[in-house]
Amino acid sequence: MTTENRVSVQLKGLRKVYGDAVALENFNLELAPGELVALLGPSGCGKTTALRILAGLDTDHQGQIIINGKDIAGVPANKRNMGMVFQAYSLFPTMTVIENVGYGLRVRKVDREKRRARAQELLELVGLGSMGNRLAHQLSGGQQQRVALARALAIQPNVLLLDEPLSALDAQVRTQLRDEIKRIQVEVGTTTLFVTHDQEEAMAIADRVGVMRHGVLEQCAPPQEVYLNPSNVKVAKFVGAMNLLPAEIVSATELKVFGHTIALRASEAGAPTGKTGMALIRPEQLSLKLTEGRGPATATVATRTFLGPLTRIAVRMIADNSVLYVSMPSSQALQFVEGSTVEIEIHAKSVLLDA
Amino acid sequence: MKRKLNYVNYLVLLVASAFFIFPIIAAAEFSLRANGATTHNFSNFQWAIQQDGFKTNLGVSFRLAILTAVAVLVLMVPTIVYLHLGGARWKRLIEFICLVPLVVPVISFALGVATAFPVFLQSTVYELSFLYVIISMPYTYRALDVGLSSIPLLTLVEASRASGASMRQTLLFVIVPTIRSAVNGAIFLAVALSLGEFTLAVILHWDTFPTWIANISQGHILAAIALSVLSLVGAWLVVLVFAILPKSFRTNKTQEAAA
């Protein structure tokens, strides 16, 4: 069941202000036909504003919204043919599940039989084929969001807009529904914008992740790249855990951490020699070695947190008492008991410097 | 503590209900009296119904009631929805306007109408409907305001808009069904007020059911009471129809769906 609607979306130079607060600043984003882009950021970063502007629910903004080459900035929300799923449960309480799913077709004057058939087809797609005659309050939260997804897709939308659809659900249902949304999105092939504050969710579901902060889109790239190759310090700090290690630039392309020389990320090459700052290194880019000696890279093991396949070890640097996190396979972590002295080794090929 | 509170609640409920119900029961009992209260039958009703003007005046009042109820819904529902959706800064003003009918004496109201209302409206009895809409505003506003406050209005409206519905479709298909009981309440208030309003009709020289009852009562007090009971029952019936109609549509639909 693929849709005929395969549209490209371009948001160009969006700017939105609420009173004195800038919610969105020079926001540019392109979605290729069939692509799923997740906007990721803390609350208040403007990600939901961007989605609502695309939906037409927030107006009074600057910039262009181009769908298949046409600017739709002046088109009202109900004429945009967008499918939307909200964070809050939003099923119409007086309608049955199947009436909810068929609602978009009903307001488009599609006749009853066709409407019911299409609604039933979508209920099957979200795995609720036998629930058509129930009312919203007879469903669990996860089921309600599935129905909302079916309702959004029933109209064969130009773009599917998902505004934190999983945030109100408990962890297990969230993971399950997340994977299912991905499956359905691939199956129907609708261009999708997904807004979330949950990194794992964004990484798991998206073709590309857009990291937002203070109304600015900092980076938009495939999940692996956002994680492994963040475009700047803000992104690096926000996505995943990050250690801050004192570092000094020793040449145009290199810096020194704990006496080791490491390449500086290309984007930052050319910073003045002698400048100091904090090198950003992920916990899995560090490893530990038991040691007797004392050096700039020695530390004592403070705590171990068992996370299943991985264990996260917090170590306290002897030199300045700062705490670093190291993660490693749990089988290797057994030897590093609390209180033992260890030397830290760095495996990063190139790092960012937070000056 | 909680138990004591419950007890007080029930006591208040009981006293309040008695306050409302006793006069109605008394009126009903009174209206059934015959032969100097020795027996009870429907003779007062029969007599009243056979009087000249019963049908015409009852018809006028019922048409007024329905017109008023419709006008109240058309005027008040969209307005209060707007206030809830972002017109909050107007809320104080509209609330105040809706309370004004409570403090303006009906007599000065009628005078204002007689001097300022357009002539084409003053030439028909249905001008009363416009006035009943205004008089019922303090009550209908409350009923609808409470109803809309109890639902996640913004989310429902946005979900409906995103699905492609116009504001009119959203009102009809989503909002009104969701606040059904509040809408029924507003209808009941408008209907009851229109069926019972006396002062304005008299001052503006129109014959309605209540003014006709007043005329009748001069000759036959028990028949007048019988008619009052009848109009009360009538109001209940109108509301019942409003309340049941959409529900029976709905059952038919779901039965169809199941079949």
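Residues numbered from 1 in each chain as written. Chains lettered and ligands numbered in written order. Predicted model: local features only at pLDDT ≥ 70, side-chain atom pairs only at ≥ 80, totals over all residues.

A. Molecular detail of the overall build of chain B. Scanning chain B from terminus to terminus reveals 13 helices and two strands. The principal-axis extents of the C-alpha atoms in chain B amount to approximately 65 × 55 × 50 Å. Within the span of chain B, comprising 259 residues, buried residues form 30% of the whole. (Helix = DSSP H or I, 4+ residues; strand = E, 2+ residues; numbered from the N terminus. Buried ≥ 20, exposed ≤ 12 C-beta atoms within 10 Å, placed from the backbone.)

B. Local environment of the overall build of chain A. Of regular secondary structure, chain A possesses 10 helices and 20 strands. Burial statistics for chain A: of 355 residues in total, 42% are counted as buried. Long-range pairs, those at least 24 residues apart, make up 66% of the contacts in chain A with a sequence separation of at least 6. (Contact = placed C-beta atoms within 7 Å.)

C. Representation of the sheet that holds strand 12 (residues 254-257) of chain A within the structure. Read once around its circumference, the closed barrel built from five strands follows the order 11-12-13-20-14 (chain A), with strand pairing classed as mixed. Sheet twist, expressed as the mean angle between neighbouring strand axes with direction ignored, is 55 degrees. (Pairing = 2+ DSSP bridges. Axes fitted to C-alpha atoms, helices over the stretch in contact; angles between N-to-C directions.)

D. Inspection of the pairing of strand 14 (residues 276-281) of chain A at higher detail. Residue and element names in this part refer to chain A. Two elements, strand 11 (residues 243-249) and strand 14, share six bridges in a ladder whose sense is antiparallel. Note on strand 14: the bridge partner recorded for Leu244 is Leu280. Here strand 14 runs beside strand 20 (residues 350-354); their pairing, made up of three bridges, is antiparallel. Its bridge partner being in strand 20, Met278 is matched across the sheet by Asp354.

E. Layout of the interface of chain A and chain B. Facing the 22 residues of chain A at the interface are 18 residues of chain B. Only strand 6 (82-85) and helix 3 (103-106) of chain A provide two or more residues apiece to the side of chain A that touches chain B. Residue classes in the side of chain A that touches chain B are distributed as 13 nonpolar, seven polar and two charged. (Nonpolar A, V, L, I, M, F, W, Y, C, P; charged D, E, K, R; others polar.)

F. Looking closely at the domain arrangement of chain A. For chain A, the domain assignment lists domain 1 (9-235) and domain 2 (241-354). For domain 1 of chain A and domain 2 of chain A, the distance between their C-alpha centroids amounts to 39 Å. (Domains from an automatic or database assignment.)

G. Up close: unusual backbone geometry. Residue and element names in this part refer to chain A. At Gln156, a residue that is not glycine, the phi angle is positive and equals roughly 50 degrees. Position of Gln156 relative to the elements: it lies in the loop between helix 5 (141-154) and strand 7 (159-163). C-beta crowding within 10 Å serves as the criterion here: with 16 such atoms nearby, Gln156 is assigned to the partly exposed category. Backbone geometry at His214 places phi at a positive 50 degrees, although glycine is not the residue there. Structurally, His214 is set in the loop between strand 9 (208-213) and strand 10 (216-221). A tally of 16 C-beta atoms within 10 Å means that His214 is categorised as partly exposed.

H. The arrangement of helix 6 (residues 171-188) of chain A in detail. Residues and elements named next belong to chain A. Under the 1.5 Å per step criterion, the end-to-end length of helix 6 is 26 Å for 18 residues, consistent within 8% with the ideal 26 Å. Along helix 6, the residues classified as buried are Arg174, Leu177, Arg178, Ile181, Ile184, Gln185 and Val188. All buried residues of helix 6 project into a common sector of 135 degrees when viewed along the axis, lining one side. Residues Gln172, Asp179, Arg183 and Glu187 are exposed on helix 6 and point more than 90 degrees away from its buried face. Looking at the buried residues of helix 6, the elements they touch are strand 3 (36-40), helix 4 (112-125), helix 5, strand 7, strand 8 (191-196) and helix 7 (199-205). Immediately beyond the C-terminal end of helix 6, within one or two residues, lies Gly189, with a positive phi of roughly 70 degrees. (Expected span 1.5 Å × (residues − 1). Arc of directions from axis to C-beta.)

I. Structural view of the domain arrangement of chain B. All names here are of chain B. Parsing chain B into structural domains produces domain 1 (1-41) and domain 2 (53-247). Computed from C-alpha coordinates alone, the two centres of domain 1 and domain 2 are separated by 27 Å. Element by element, the count of residues in the side of domain 1 that touches domain 2 is highest for helix 1 (residues 2-32), at four residues.

J. Broad picture of the environment of Leu227 of chain B. All names here are of chain B. Relative to the helices and strands, Leu227 is located in helix 13 (residues 221-258). It is 8.9 Å that separates the C-alpha atoms of Leu227 and Pro210, two residues lying 17 residues apart in sequence. When near neighbours in sequence (up to four residues on either side) are disregarded, Leu227 contacts Ala48, Ile213 and Ile216.

K. Geometry of the nonpolar core. Leu54, Ala150, Leu161 and Leu193 of chain A together with Ala186 and Val191 of chain B are the most contacted members of the largest nonpolar core, which totals 155 residues. Residues in contact with Val191 of chain B, not counting those within four places in the same chain, are Ala65, Ala69, Ala235, Val238 and Val239 of chain B. (Core = buried A, V, L, I, M, F, W, Y, C linked by C-beta atoms within 7 Å.)

L. Representation of the packing of helix 5 of chain A against helix 6 of chain A within the structure. Residues and elements named next belong to chain A. As a packed pair, helix 5 and helix 6 sit with axes 11 Å apart at the nearest point and diverge in direction by 15 degrees. Here helix 5 lies roughly parallel to helix 6, going by the angle between them. In the crossing of helix 5 with helix 6, the sense of the turn from one axis to the other is right-handed. Note on element contacts: helix 6 touches helix 5 through Val173, Leu177, Ile181 and Val188, opposite Gly142, Gln145, Leu149 and Leu153. Grouping the constituent residues of the contact of helix 5 with helix 6 by class yields six nonpolar, two polar and no charged. (Parallel < 35°, antiparallel > 145°, perpendicular 65-115°, else oblique. Left-handed = near helix turned anticlockwise from the far one by under 90°.)

M. Summary view of the sheet that holds strand 19 (residues 341-346) of chain A. Residue and element names in this part refer to chain A. Here five strands make up an open sheet; going across it, the order is 15-19-16-17-18 and the pairing antiparallel. The two strands at the open ends of the sheet, each matched to only one other strand, are strand 15 (286-290) and strand 18 (323-329). Taking each pair of neighbouring strands and ignoring which way they run, the sheet shows an average axis angle of 45 degrees.

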